2 protein chains.
Amino acid sequence: MSDQPDIDRTDEEIITLLRQDARRTFADIAERVSISAPAVKRRVDRLQQEGLIVGYTAIVDHRRLGLPLQAFVELRFDGRTKVDDIASVAIGITEVETLYTTAGDPDAVALIRARDVDDLKRVIDLLRRSRHVTGTKTLMVLGTSEPPHGLRR
Amino acid sequence: MSDQPDIDRTDEEIITLLRQDARRTFADIAERVSISAPAVKRRVDRLQQEGLIVGYTAIVDHRRLGLPLQAFVELRFDGRTKVDDIASVAIGITEVETLYTTAGDPDAVALIRARDVDDLKRVIDLLRRSRHVTGTKTLMVLGTSEPPHGLRR
DNA sequence: TCTGAAAGTGCCAGAAT
DNA sequence: ATTCTGGCACTTTCAGA
């Protein structure tokens, strides 16, 4: 359970560049951070091994992939529910993009992607019928915006 | 504003593979989907051009990068607020990972990442003082879980 | 299929400890 | 002296036409 290993300015820059475009070449990164490509590769290998970089993913347009609807479903559980049981409500439901367990009024929040209203309804019903779930509240997402992604300190 | 272009099974597989690991080579993908590497490249180029693949990013461990706290901040706005004004509350606040505009009780939800409680407090205060914001409600995230990422239909 | 570019590896130099 | 990090040279693999 280590926490923050020694990350210098160059490591930060490399991470930022890879967050902006994960398919950048080492040579490209090397030029931007002013060290050689092999040196970049070694740093990236290290960052991965230390678990700072967990992986790389393609960002897709869900609308064009046939999942235009997005919603938060707040979940409330009965008092006996263990935290691990909470996480298990999402398993097998592919429409659940992320399940957040939370401290406070909703015990969890599921971020859903759905094809259409019927699909969304089906997913909500599935969640509502899950063991220990005592209630839900759904919040439709109209739009999202995020910063250019990478300048985060 | 086109929507769903012709995506065949191979395109879907390619997208899934790139979502699992965006740094996969065309040769690697080619082997897995049983076509040639140049054919994969052409498809990926097309998927990018059609806007199905928007970009590629590195997934980082925010805890180890010094941002261990995560929270939802529900935002309520006064009646005269335009939707575009809602999105603008997040600009300049690097701790806002995503701002969701929503239909219903909260008008928007900001997903926040913070260094520590003071940082979180600072961000919440910033949001509360934003123009048109009439109230907030904060929900701490205890944990997240997401499906292996890619099997989504 | 072919050419140039990038990835990946080994080796050595220099700096920091 | 040793450890860490970078550069260089080289081979293998990939990208792109």
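For the structure given in this document, a descriptive report is provided here. Here the structure is a predicted model, which means the values were calculated and not measured.

Contacts between chain B and chain A engage 62 residues on the former and 61 residues on the latter. Taken together, the two surfaces of chain B and chain A that pack against each other cover about 5500 Å², and 57% of this comes from carbon and sulfur. There are zero salt bridges connecting chain B and chain A. Taken together, chain B and chain A are joined by 27 residue pairs in polar contact (both at pLDDT 80 or more). Elements represented by at least two residues in the side of chain B that touches chain A include exactly α1 (9-20), β1 (53-60), β2 (69-77), β3 (96-103), β4 (108-114) and β5 (133-145) of chain B. Of the residues contributing to the side of chain B that touches chain A, the split by class is 28 nonpolar, 18 polar and 16 charged. As judged from the five bridges shared by strand β3 (residues 96-103) of chain A and β5(B), these two strands associate in the antiparallel manner. Residue Tyr100(A) lies in a different strand from β5(B), and its bridge partner there is Thr144(B).

Every residue lining DNA strand D is accounted for by Ile35(A), Ser36(A), Pro38(A), Ala39(A), Arg42(A), Arg43(A), Thr25(B), Phe26(B), Ala27(B) and Lys41(B). At 3.1 Å from a phosphate oxygen of DNA strand D is found a main-chain nitrogen or oxygen belonging to Phe26(B). Elements supplying a minimum of two residues to the surface near DNA strand D: α3 (37-49) of chain A together with α2 (26-33) of chain B. Taken together, the residues of the surface near DNA strand D sort by class into five nonpolar, two polar and three charged.

Parameters and conventions
Residues numbered from 1 in each chain as written. Chains lettered and ligands numbered in written order. Predicted model: local features only at pLDDT ≥ 70, side-chain atom pairs only at ≥ 80, totals over all residues. Heavy atoms only, no water. Contact = heavy atoms within 4.5 Å. Buried area = accessible area lost by both parts, 1.4 Å probe. Salt bridge = Lys/Arg side-chain N within 4 Å of Asp/Glu carboxyl O. Polar contact = N/O pair within 3.5 Å; in protein donor to acceptor, adjacent residues only side chain to side chain. Helix = DSSP H or I, 4+ residues; strand = E, 2+ residues; numbered from the N terminus. Nonpolar A, V, L, I, M, F, W, Y, C, P; charged D, E, K, R; others polar. Pairing = 2+ DSSP bridges. Near = heavy atom within 4 Å.

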